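Reading the structure
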Amino acid sequence: MSGVWCHLQRYGVVLVWLPVLLLFPLLNLSGDAVSAIGQVALVLALAVAAVALVLTGRVAVLLPALVVLIVLAAMQGEGWQTVWGVLAIVSPAALRGWRLALSIAVATVGAAVSIALIDGFGDIYLLSVGGTLLSGITTTAFLRLIEAVEQLRRTREELARAAVAEERARMSRDLHDLLGHTLSVMVVKAEAVRRLAARDPEAAAAHAADIEDVGRAALADVRTAVDQMKTLSLTEELDGARRALDAAGIRTTVIAASSDMPDIAGQALAWVVREGATNVLRHSGASSCRFELTEDAGGFRLAVVDDGVGGLVGTAGLGDGADERSGGLEGLRQRLRAVDGRLDVRPGGDGFRLEARVPAS
């Protein structure tokens, strides 16, 4: 709708002046009735050519025809020289660059010559010639302003759509990272409850209590993500991953170098721990897992290594679990790129290695 309004504005700015400019020739008809009818037909033909040029933009055919009609009209006598203003105001709607400048110059020179030949150098000579030049310049400026406003409007809409898409992607990534881990832990705990319910009710009850705690934590995480305030602690995530993997019967080792780490780097690596633990729980089929946190080359390196199913996503022969295994890795890559880090995935026949690096600063 706004695009249609922009076109109407452009056409209105140009065409609103046609009746004014063509009124003077109609008020200065000369000769007998037949000549007057011919002059009226000439004015109407000129108006049709000008309107068609503005609406269709067919410069190659209509612009030469319009110039010929203007030259014929300007030769009709006194009061007809305003027709050169028609060329000056319609040219900005159809032309650009040097062609536009040439067209306005032709209109100005044509008005100067025809006024000098027919009316002479009177008191309003410079005013009439300057008016033709000024009409072309002002129409050009106004039309370009309208186009700039329309372009800004389209750019604003594109930015709004991009912002919405980016926010949806962020929320999708956050929900995957938040809920994927906690739901996987709840599934593992539920399986433990089912196995232990008959022979060890106390252990089953303990796992059931853990399920309740994890569920409450998941609800809190969702609320926090909605509020865009979610922050993770690397230490807490390492401890939670170890407990979750141990509960699933996966022997877990955490090797963490004691070193001060910036909060931003720690949060980025905490997401890596969460996603890595989730993948090990859901897809690896591993019996052991190792988290290695070291400092080297002015940055920090976190490796999650398991002895489960290796292989690339989509690699034949690995099964559906391997296809799903890297589902959240693209979200991790985006998070690490935001802190100038990187993510390396090194699957193999004897296990899977997820390695993240972030700079210290």
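Figured I'd write up the structure that's included with this text. (Residues numbered from 1 in each chain as written. Predicted model: local features only at pLDDT ≥ 70, side-chain atom pairs only at ≥ 80, totals over all residues. Heavy atoms only, no water.)

Details of the overall build of the chain
Broken down by element type, the chain carries 12 helices and 5 strands. If you take every contact in the chain between residues at least 6 apart in sequence, the share linking residues at least 24 apart comes to 67%. A total of about 19300 Å² of accessible surface is found on the chain, and carbon and sulfur atoms cover 62% of it. (Helix = DSSP H or I, 4+ residues; strand = E, 2+ residues; numbered from the N terminus. Contact = heavy atoms within 4.5 Å. Areas by Shrake-Rupley, 256 points an atom, 1.4 Å probe, with all protein chains shown as cover.)

Side note on a nonpolar patch on the surface
A contiguous nonpolar patch, built from Val16, Trp17, Val20, Leu23, Phe24 and Leu27 and spanning about 600 Å² of accessible area, is present on the exposed surface. Mapping leucine 23 onto the fold places it in helix α2 (residues 18-27). For leucine 23, a relative accessible area of 43% corresponds to the partly exposed category. (Patch = residues over 30% accessible without salt bridge, like charges linked within 9 Å, V, L, I, M, F, W, Y side chains within 5 Å. Salt bridge = Lys/Arg side-chain N within 4 Å of Asp/Glu carboxyl O. Buried < 20%, exposed > 50% of the residue type's maximum accessible area, 1.4 Å probe, protein only.)

Notes on the packing of aromatic side chains
Evaluated as defined, the whole model comprises 0 aromatic pairs. One cation-aromatic arrangement involves arginine 335 over tryptophan 271; the distance from NZ or CZ to the ring centre is 3.9 Å. (Phe/Tyr/Trp six-rings, centres within 6.5 Å; stacked < 30°, edge-to-face > 60°. Lys NZ or Arg CZ within 6 Å of the ring centre and 35° of its normal.)

Comments concerning the nonpolar core
Within the largest apolar cluster, 35 residues are counted, with the highest numbers of intra-cluster contacts made by Leu46, Leu66, Ile70, Val83, Val86, Leu87 and Val90. For this core, the element with the most residues is helix α5 (residues 83-94), which contributes 8 residues. What leucine 46 contacts, discounting residues up to four positions off in sequence, is Leu22, Leu66, Leu69, Ile70, Ala73, Val83 and Val86. Ranked by size, the runner-up nonpolar core spans 34 residues in total, among them Val185, Val273, Leu302 and Ala356. (Core = buried A, V, L, I, M, F, W, Y, C linked by side-chain atoms within 4.5 Å.)

So, the packing of helix α9 (residues 234-247) against helix α10 (residues 263-284)
In contact at an axis separation of 8 Å, α9 and α10 are set at 10° when each is read in the N-to-C sense. One finds that α9 runs roughly parallel with respect to α10. Residues Leu234, Glu237, Leu238, Ala241, Ala244 and Leu245 of α9 touch α10, and the partners they reach there are Gly266, Leu269, Ala270, Val273, Arg274, Ala277, Val280 and Leu281. Looking at side-chain class alone, the contact of α9 with α10 contains 11 nonpolar, 1 polar and 2 charged residues. (Axes fitted to C-alpha atoms, helices over the stretch in contact; angles between N-to-C directions. Parallel < 35°, antiparallel > 145°, perpendicular 65-115°, else oblique. Nonpolar A, V, L, I, M, F, W, Y, C, P; charged D, E, K, R; others polar.)

Quick notes on the side chain of serine 288
Of note, serine 288 is situated in strand β2 (residues 288-296). At a separation of 3.1 Å, a polar atom in the side chain of serine 288 contacts the side chain of aspartate 307. When near neighbours in sequence (up to four residues on either side) are disregarded, serine 288 contacts Ile250, Arg251, Val305, Asp306 and Asp307. (Polar contact = N/O pair within 3.5 Å; in protein donor to acceptor, adjacent residues only side chain to side chain.)

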